Amino acid sequence: MTESTPGQTVGPFFHHALAFPGDSELVPFGSAGSVVLHGYVYDGAGDPVPDAMIEIRQSDASGVVPRIGGSLRRRGAGFTGWGRSCTDGAGHYWFSTVEPGLPFFAVTVFARGLLDRLFTRIYLPGAADAVEGLVSEREADGRLRFDLHLQGPSETVFFKFPRT
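Residues numbered from 1 in each chain as written. Predicted model: local features only at pLDDT ≥ 70, side-chain atom pairs only at ≥ 80, totals over all residues. Heavy atoms only, no water.

Draft legend 1. Here's a closer look at the pattern of salt bridges. For the structure on display, the rule yields six salt bridges. Between Asp-141 and Arg-143 there is a salt bridge, with its nearest N and O atoms 3.0 Å apart. Assessed through its relative accessible area of 30%, Arg-143 is described here as partly exposed. Taking the shortest distance from any N to any O, the salt bridge between Arg-145 and Asp-147 comes out at 2.9 Å. (Salt bridge = Lys/Arg side-chain N within 4 Å of Asp/Glu carboxyl O. Buried < 20%, exposed > 50% of the residue type's maximum accessible area, 1.4 Å probe, protein only.)

Dropping the structure here:
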């Protein structure tokens, strides 16, 4: 009789294996035209998730999705449209980037306890085609905030893709 191998979850090894210096800076922090996208990741009980990892993919300010190699080591590669941020002990993530011309960020969430990654979008405030519940808030200082809720009554809308 053959026994099946038990399933594995995706984490919580991100901070040790996948983070790298500058991973959340798609453009230098504080540079001309830059904006900070940030928020918190919460579990179903509303507690912060201190070991999640968020990846974004986006267009540049003119609406073009870059096709540039070197996303992991972008020094000198120009704007690649891709970044990664691990949450801190309070569940906070952040990116220094530009506002995308296509008015959303494509988002992938990895966290402990998930059997697979989660996919969603974060829309810019005022985006005409925004999905309800996926619009960021512009704070008084100009930063964009979007909190991710993995489960519970405030659960973020996540998209399903067929497995291939």
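Draft legend 2. Examining the pairing of strand β1 (residues 35-42) more closely. With seven of its eight residues buried, β1 lies for the most part within the structure. As paired strands, β1 and strand β8 (residues 144-145) are joined by two bridges and run parallel to one another. The residue of β8 that forms the bridge with Leu-37 is Leu-144. The pairing of β1 with strand β9 (residues 148-149) spans two bridges and is parallel. Paired with Tyr-42 across the strands is His-149, a residue of β9. (Helix = DSSP H or I, 4+ residues; strand = E, 2+ residues; numbered from the N terminus. Pairing = 2+ DSSP bridges.)

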